[in-house]
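# Geometric and topological summary
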Amino acid sequence: MSDSFQQTKIVEVAAAVLQRPDGTFLLAQRPSDKIWAGYWEFPGGKVEPGETPYHTLVRELHEELGIAVQTAYPWLTRVFTYPHATVRLNFFRVTAWSGELHPHEGQEFSWERSPTLTLPRGERGHVSVSPVLPANAPILRALSLPPLYAISNVQELGEEEFMLRLEAALHKGLRLVQLREKHLSRAELRELALRVVELAHTHGAKVLLNGDVALAQEVSADGVQLSSAQLAELSERPEVEWCAASCHSADELRRAEELGCDFAVLSPVLPTLSHPGVRHLGWGNFEAIATGASIPVYALGGLSASDMETAWRHGAHGVASLRQAWPERSSD
């Protein structure tokens, strides 16, 4: 990255998470003639006057790596203070480009495998290169989150049918589930949670329990999904591996960031069967709220996996889905 920093203001930087179809992503080593020489980072550079972060991304990847960006999605924005400057890193996920990578600045490259959901909070990830710039630890953790976040639907499907559909989805690659069943008593929810957690863990998937931190810890769930009311009430982040927040406005999303949540769900994007008549955000408002978020944001509300591309284009990490996450099982 360019090193023309000024200590008197926040320096805007565009950063690229280049991702290949197999899920690997690129890290580049800073050249010996630059500050933090030898450290590994996501490629990118300083936003020049008159540029948008996207235009900077395109220019820097062409200048540094010799590639032309074809598909890039806005993702996270992180502010980090180094001894020499405070930078605002505007991250994009770049999934398609033309040309062969070439180190125009003599830097080394390393393709790394995305971290798994087992990455402990605060760790930078099991990348093969070291040292990594300190600002990138939250980015590596965020990369472990899958694009689909499925919300349980036991109330409509019945427990046994839901468990069968959950198992089918896990076999197909589902790795993140929220257990949300408001109609159950706490005792009933506990028994269901034990079943769901056991099944999910055999497939390497994670389970977040809606609202009840104590129960999540009791059944060895992997975290908790906080309601917007809990967001307003809590003064500190619950002691769980993964903490997510349900948000419906920019203020609630900012609060989720302040509390230290790992990701957020922003809804409703489109009209839903579960909340008929409730005003929905639409993609324009979703993008306006999610833009600049420092944590991954899932889009929720009338969406399915088929809406993933649209969600990415509007700044979402992925899609959260309730009914659409549990299609009927095939008879064969």
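Here the structure is a predicted model, which is why all the values come from computation and not from measurement. (Residues numbered from 1 in each chain as written. Predicted model: local features only at pLDDT ≥ 70, side-chain atom pairs only at ≥ 80, totals over all residues. Heavy atoms only, no water.)

### Quick notes on the overall build of the protein
Inclusion rule: Elements are defined by DSSP. Helices are runs of H or I of four residues or more, strands are runs of E of two residues or more, and each kind is numbered from the N terminus. Here's how the labels work: a residue is buried when its accessible area is under 20% of the maximum for its type, exposed when over 50%, partly exposed in between, all with a 1.4 Å probe on protein chains only. Residues count as neighbours in contact if any of their non-hydrogen atoms are within 4.5 Å of one another. Neither His nor the chain ends contribute to the count of charged residues, in which Lys and Arg are positive and Asp and Glu negative. Lysine's charge is taken at NZ, arginine's at CZ, aspartate's at CG and glutamate's at CD.
If you tally the helices and strands in the protein, you get 10 helices and 15 strands. With the C-alpha coordinates aligned to their principal axes, the bounding extent of the protein is approximately 60 × 45 × 35 Å. Across the 332 residues in the protein, those meeting the buried criterion constitute 51%. Relative to all contacts within the protein whose residues are 6 or more apart in sequence, the contacts with residues 24 or more apart total 64%. Placing the 29 positive and 41 negative side-chain charges of the protein at their respective mean positions leaves the two points 1 Å apart.

### What to know about the sheet that holds strand β1 (residues 10–18)
By way of backbone hydrogen bonds, the strands of a sheet pair with one another, either parallel or antiparallel. Counted only if it meets this: Paired strands, as defined in this entry, are two strands with at least two bridges between them according to DSSP. Every axis corresponds to a line fitted to the C-alpha atoms, with the helix fit spanning only the stretch in contact, and the corresponding angles, defined between N-to-C directions, vary from 0 to 180 degrees.
The 4 strands lie next to each other as β4-β1-β6-β5, forming an open sheet whose pairing is mixed. Where the open sheet ends on each side, the last strands, each with one partner, are β4 (44–46) and β5 (68–81). Within the sheet, the average angular offset between the axes of one strand and its neighbour, ignoring direction, is 20°. The pairing of β1 with strand β6 (residues 86–98) spans 9 bridges and is parallel. The residue of β6 that forms the bridge with Leu18 is Val94. Helix α1 (residues 53–65) rests against β1, β4, β5 and β6 of the sheet, and its axis sits at about 60° to β1.

### A short note on the sheet that holds strand β10 (residues 206–210)
Strands sit in the order β8-β9-β10-β11-β12-β13-β14-β15 around a closed barrel of 8 strands; the barrel is parallel. Within this sheet the neighbouring strands show an average axis-to-axis angle of 25°, counted without direction. Where strand β8 (residues 148–151) and strand β15 (residues 318–321) come together, 3 bridges link them in parallel fashion. Residue pairing across strands places Ala150 opposite Ser321, the latter belonging to β15. Sitting on the sheet, helix α9 (residues 282–290) touches β13 (263–266) and β14 (297–300), and the angle it makes with β14 is about 160°.

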